[in-house]
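# Architecture and fold: a report
As a plain string of letters, each chain reads:
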Amino acid sequence: MGDRRSPTAYLSEPSHFLLPTALNSPAPPGPHSRCMETLEFPKMLLEVQDSLSQAEVQELVFLCADLLRKDLSTVTSATDLFLLLQKEDLLSSEDPSLLTELLRIIKRKKLIQELRLGAQLLNRRISPYRELLYELAENTSANDLKNIKFLLSETLPLRILEKDTTLLQLFLDLEKAGLLDADNLDTIERVIGSNHPRLQARIKQFKMKSDAGITAQETKWKNKTESQDFSVTKTPVQPESIPQNGDTMSAVHKQGLENPVLYPPSFFSHPQSAEMPTSLLSFSVQSHHVEITSTVEEKNCSGPNQQSTLKLEEYAMKGDWRGFCLIINNYDFSKSCISLGNREGTDIDAENLKNVFRWLGFTPEVVRDCSRASMLEMLKKLCSRDHKQADCVACCVLTHGYEGGVYGVDGKKVALRELMDPLYGHQCFSLSDKPKLFFIQACQGSNEQQVIFLQPDGPNDSMETGIVCDARVPRESIPSGADFLLAMSTVPSFVSYREKTRGTWFIQSLCKNLQQLVPRGVDLLSILTQVNNDVSSKADKTGQKKQIPQPEFTLRKRIVFPSPSSSPPS
């Protein structure tokens, strides 16, 4: 590993390497301009060079192979790579987002922070296919590489296999031989899958998305030109923005499945069209099951359209143990650095959640009054546990919140993405392909929902002493990742309510509906839809205070908890 110095160390380095834009005038204001003075930018790149090992440099070269479309075998330093990227207008002081993306992929988050590179990417240029290959290499040992070379002995020349090479370099040799690309993963699936069923499943998942005309198509769009980027946006699709039958490209297609986006369950209740040559897809949600109906249109078939109905897969729920359930219950905010009141009634929620999740087969653990640091530490501990025998994992957070995050009892912010990051597949391998369930009871802003009065419901007294909210404002973002469910007690910018003697509206309804509907075989997303309905019908005595929860997810299958053998907790 190269010498790692402070982020300001490069300011005193003599620069032997200046990029073409270094002599331009300072960059105009923008998301990255605060640390991208043009004379500092090449020096910052030198700092990156000095901070990377030779292996990491080769990883960056591999990731950029699609972007540069030339032989990169002579590129041995990060500065050489940066010069090539600048010549192609892919990296500049005005837009260093590609550098941020590359460092993120190779897991150099601390370096990103030290260099003050913006956390939000302007666009995504590294193809999902390239990231897949990198992920495979990261999870392959030296002994695995020997086995892979042996299995390729009849596919590649011995002069290539006998070289002291990395798996990434071996991937490049397979590409040169025409045996590997985004639409041809059969060879690596065969040689890697024979030793690693989990990695084989990851390859199959990618191929399924490619077959749907999404992942591979985006890769081709990205490579069409040198100056334009057609990568998809990560902005979640709102139900009202789902295109109707007249649109030729569905919202799913536009979003791109290689960067999973959290969708509300209502997404699946809207008709859609997909840019696929043989079928039109429509989604529907029913209380007990979700079905995909595909109308097949054969070009050479004169008969009527053929109808076929397929049930969505379910996540495996085997045995009596579902997994761990962490419940963070923040009550005492007396030492908070900002003005936040104690959360009366939260202990009722914590007790109800503990009893219901134990009944469902989870092992619940309740921790009380966590600061920001202790909340993150609890998630790291949850990540470090052995989940091999678990079906899923659950985390419930009861606290004050702001839009995009929650507060520790010390008043410090914790972004939702920080809570979820430790459980990502690359961080916690034993949870790969398993549902990761988050239930967040916290406000997401300070606004109150508008009310449509159907009938008077009490006196015109605006004070309701038994109901309080868990609010504070500004904004953070929600991360994406496969197999996540994020059930928020309210929509962004709005408050959620807590009754001091009964607990919060959201947790009350969640526990009640889990007890009533799990024994009937109802899937979790349908249960959360019922929770939405229940909570939206609640109000204070004046009818002025209203609330609507918001589930978001990147689940790939249905979650159906087995019916417990014991009676529901009272």
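Being a predicted model, the structure only gives us computed values, none of them experimental.

Let us look at unusual backbone geometry. One non-glycine residue with positive phi stands out, namely D89, at about 60°. Among the secondary structure elements, D89 is positioned in the loop between α4 (78-87) and α5 (97-105). A positive phi angle, near 65°, is found at K107, a position not held by glycine. Here K107 is to be found in the loop between α5 and α6 (109-114). We classify K107 as partly exposed; its relative accessible area is 41%.

Our focus in this paragraph is the packing of aromatic side chains. Overall, the coordinates contain 8 aromatic pairs when judged by the stated rule. An angle of 40° between the planes, with centres 6.5 Å apart, marks the rings of F62 and F171 as tilted. Here the residue F62 occupies a position in helix α2 (residues 54-63), and F171 occupies one in helix α10 (residues 167-176), the gap between them amounting to 109 residues. Side by side, F62 and F171 carry an identical accessibility label, which is buried. Among the aromatic side chains, those forming a connected cluster through ring pairs are F357, F362, F439 and F561. The aromatic ring of F62 is capped on one face by R130, whose charged end is 4.7 Å from the ring centroid. If you follow K413 out to its NZ or CZ, it ends over the ring of Y402, 4.9 Å from the centre.

Our next topic: the side chain of T165. Structurally, T165 is set in the loop between α9 (158-161) and α10. For T165, a relative accessible area of 7% corresponds to the buried category. Looking at T165, its side chain comes within polar contact range of the side chain of Q169, at 2.8 Å. Leaving out residues up to four positions away in the same chain, T165 has contacts with L145, K149, I160 and L170.

To continue, consider helix α18 (residues 505-517). The terminal C-alpha atoms of α18, which comprises 13 residues, lie 18 Å apart, in line with the 18 Å expected from a rise of 1.5 Å per residue. Extensive coverage of α18 is indicated by the burial of 11 of its 13 residues. For α18, the set of buried residues is W505, F506, I507, Q508, S509, L510, C511, N513, L514, Q515 and L517.

Turning our eyes to something else, we now look at the nonpolar core. F171 and I188 are the most contacted members of the largest nonpolar core, which totals 59 residues. Examining the composition of this core, we find that 6 residues originate from one element, helix α7 (residues 128-138), more than from any other. When residues no more than four places from it in sequence are discounted, the contact partners of I188 are L133, L136, F171, L174, L180, G193 and I203. If you look at the next biggest cluster of nonpolar residues, it comprises 38 residues, including I327, A394, C511 and I559.

The subject of this paragraph is the pairing of strand β12 (residues 484-488). Where burial is concerned, most of β12 is hidden: 5 out of the 5 residues are buried. The side-chain alternation of β12 yields two buried faces, one formed by F484, L486 and M488 and the other by L485 and A487. Here 5 bridges tie strand β10 (residues 436-441) to β12, and the two strands are oriented parallel to one another. Across the sheet, F438 pairs through a bridge with L486, a residue of β12. Where β12 meets strand β15 (residues 550-553), 4 bridges bridge the pair, whose relative direction is antiparallel. Across the sheet, residue A487 finds its bridge partner in β15, namely P551.

Reading across the sheet, the 6 strands line up as β5-β4-β6-β10-β12-β15 and stay open at both edges, with mixed pairing between neighbours. Only two strands of the sheet have a single neighbouring strand rather than two, namely β5 (362-368) and β15. Within this sheet the neighbouring strands show an average axis-to-axis angle of 15°, counted without direction. Where strand β4 (residues 323-329) lies against strand β6 (residues 393-398), 5 bridges are found, and the strand directions are parallel. When the sheet's bridge partners are listed, C325 is paired in β6 with A394.

At a closest axis distance of 9 Å, the pairing of α7 and α10 adopts a crossing angle of 135°. Classed by the angle they form, the pair α7 and α10 counts as oblique. For α7 against α10, the interelement crossing comes out right-handed. From α7, Y129, R130, L133, Y134, L136 and A137 reach across to α10, where they touch L167, L168, F171, L172 and E175. Residue composition of the contact of α7 with α10, grouped by class: 9 nonpolar, no polar and 2 charged.

So, how was this worked out
- Residues numbered from 1 in each chain as written.
- Predicted model: local features only at pLDDT ≥ 70, side-chain atom pairs only at ≥ 80, totals over all residues.
- Heavy atoms only, no water.
- Helix = DSSP H or I, 4+ residues; strand = E, 2+ residues; numbered from the N terminus.
- Buried < 20%, exposed > 50% of the residue type's maximum accessible area, 1.4 Å probe, protein only.
- Phe/Tyr/Trp six-rings, centres within 6.5 Å; stacked < 30°, edge-to-face > 60°.
- Lys NZ or Arg CZ within 6 Å of the ring centre and 35° of its normal.
- Polar contact = N/O pair within 3.5 Å; in protein donor to acceptor, adjacent residues only side chain to side chain.
- Contact = heavy atoms within 4.5 Å.
- Expected span 1.5 Å × (residues − 1).
- Core = buried A, V, L, I, M, F, W, Y, C linked by side-chain atoms within 4.5 Å.
- Pairing = 2+ DSSP bridges.
- Axes fitted to C-alpha atoms, helices over the stretch in contact; angles between N-to-C directions.
- Parallel < 35°, antiparallel > 145°, perpendicular 65-115°, else oblique.
- Left-handed = near helix turned anticlockwise from the far one by under 90°.
- Nonpolar A, V, L, I, M, F, W, Y, C, P; charged D, E, K, R; others polar.

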